Amino acid sequence: MNQDQNKIPRATAKRLPLYYRFLQNLSASGKKRVSSAELSEAVKVDSATIRRDFSYFGALGKKGYGYNVQSLLAFFRKTLDQDEVTNVALIGVGNLGTAFLQYNFLKNNNTKIAMAFDVDPKKIGTTIGGVQIFDMNEMQQKIRAEGIIAVILTVPVQVAQTITDELMETNIKGILNFTPARLNVPPAIRVHHIDLAVELQSLVYFLKNYPEEE
Ligand code: ATP
């Protein structure tokens with residue numbers, strides 16, 4: 001991780017990939033500069049927050065000019081360590097796991113699923129989206145050997161904690177948890193929890209209850 005990142009608040013750091021992706025698109029379409037208002041409209045973050053976020057990155061914005069797309073991109077690349085591909089592992093090659101294996105994460109950022117694990121003998125030894133699926137028995141050894149620091153968890157909820165406990169014996173630092181389980185982990189491990197059912201339910205709730213709000 002970059003040294004400068006220590007100074008960036010967590011909430012800001014979480015928005016970095018969002019900004020980064022949008023700026024890549026801007027750059028690809030040939031845009032040289034962008035205003036905080038344009039960014040705000042595109043990434044749905046209010047422009048005051050954007051200006052505050054960007055102030056942590058140094059004096060990159062100029063009044064009446066906006067932000068220089070290339071210098072922002074250079075900053076994000078450095079901060080997000082995007083110059084180097086980060087390999088992650090996926091555990092649980094069901095419907096959701098399979099979709100992730102087939103999705104090309106490299107299109108938008110430099111993370112790649114390097115290996116997958118499952119208990120199903122029909123899946124073990126096969127390859128999906130160019131990713132090999134290994135037996136769970138080999139999980140700890142392979143994750144350690146490859147220096148993997150993050151995993152995507154797409155297993156049934158009942159086995160999520162047991163697998164997490166096994167992961168604690170590797171060098172894993174982060175888990176992207178797609179199961180509804182609230183995982184118990186030591187403070188050194190970061191868990192990002194994405195419950196698609198809850199997200200969808202919450203979206204529908206807002207649509208029904210706050211239909212007029214921006
Ligand atoms: P499918 O139709 O392939 O069963 P699904 O997403 O509905 O997909 P789930 O029951 O959620 O299936 O299981 C997801 C995947 O996790 C399956 O491929 C299953 O074999 C795998 N799995 C189940 N138990 C474990 C475990 N203990 N360790 C690793 N993978 C597991």
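Numbers given for residues are sequential positions, taken from 1 along each chain in its written order. Given that this is a predicted model, residues contribute local features only at a pLDDT of at least 70 and side-chain atom pairs are listed and counted only at 80 or more, while totals for whole chains, interfaces and linings are drawn from all residues.

## Details of the UniProt feature "DNA-binding region" (unreviewed entry) in the protein
Here, the residues flagged by UniProt with the feature "DNA-binding region" (unreviewed entry) are residues 18-57. Regarding residues 18-57, the helix share stands at 70% and the strand share at 5%, and the terminal C-alpha atoms are separated by 15 Å. UniProt positions are given in the numbering used here, feature names are shortened, and annotations may be inferred rather than shown by experiment. Here a helix means four or more residues in a row that DSSP labels H or I, a strand means two or more in a row labelled E, and each is numbered from the N terminus.

## Observations regarding the domain arrangement of the protein
Often the size quoted for an interface is simply the accessible area lost on bringing the parts together. The assigned domain composition of the protein is domain 1 (3-79) and domain 2 (86-198). For the domains described, the bounds stem from an automatic or database domain assignment. Each of domain 1 and domain 2 has a C-alpha centre, and the two are 30 Å apart.

## Quick word on the confidence of the model for the protein
For the protein, per-residue confidence averages 88 on the pLDDT scale, and 91% of positions sit at 70 or higher. Every residue in residues 1-5 scores below 50 in pLDDT, and together they form seven contacts with partners more than four places removed in sequence or on other chains. Summary of the metric used: pLDDT quantifies the predictor's per-residue confidence within the range 0 to 100. Two residues qualify as a contact pair if the distance between their C-beta atoms, derived from the backbone, is within 7 Å.

## Quick notes on helix α8 (residues 196-209)
Taking 1.5 Å per residue, 14 residues should reach 20 Å; α8 reaches 20 Å between its end C-alpha atoms and fits that length. Little of α8 is tucked away, with zero of its 14 residues classed as buried. Expected span of a helix: the number of residues minus one, times 1.5 Å. The burial label depends on the number of other C-beta atoms within 10 Å of a residue's C-beta. Counts of 20 or more mean buried, 12 or fewer mean exposed, and intermediate counts mean partly exposed, with C-beta atoms placed from the backbone.

## Re the site of the ligand
A molecule or strand has a residue near it when that residue's C-beta atom, placed from backbone coordinates, lies within 6 Å of it. As a structural note, the neighbourhood of the ligand is formed by 17 residues, with G92, G94, N95, D120 and V159 the closest of them. Put simply, the parts of the chain that give the shell around the ligand at least two residues each are α5 (95-102), β5 (111-118) and α7 (157-167). Residues of the shell around the ligand, tallied by class, amount to ten nonpolar, four polar and three charged. Following the grouping adopted for this structure description, the nonpolar residues are Ala, Val, Leu, Ile, Met, Phe, Trp, Tyr, Cys and Pro, the charged ones are Asp, Glu, Lys and Arg, and the polar ones are all others, Gly among them.

## Describing the sheet that holds strand β9 (residues 174-177)
A sheet is described by the order of its strands in space; here seven strands give the open sequence β6-β7-β5-β4-β8-β9-β10, paired in mixed fashion. For this open sheet the edge positions go to β6 (127-128) and β10 (190-193), each flanked by a neighbour on one side alone. Bridge count between β9 and β10: four bridges; the pairing is parallel. Bridge pairing in β10 links L176 to H192. Comment: axis = line fitted to C-alpha atoms, over the contacting stretch for helices; angle = value between 0 and 180 degrees taken between N-to-C directions. Along the sheet face, α5 touches β4 (86-91), β5, β6, β7 (131-135) and β8 (150-153) and points at about 145° away from the line of β5. One requirement defines pairing of two strands: DSSP has to find at least two bridges between them.

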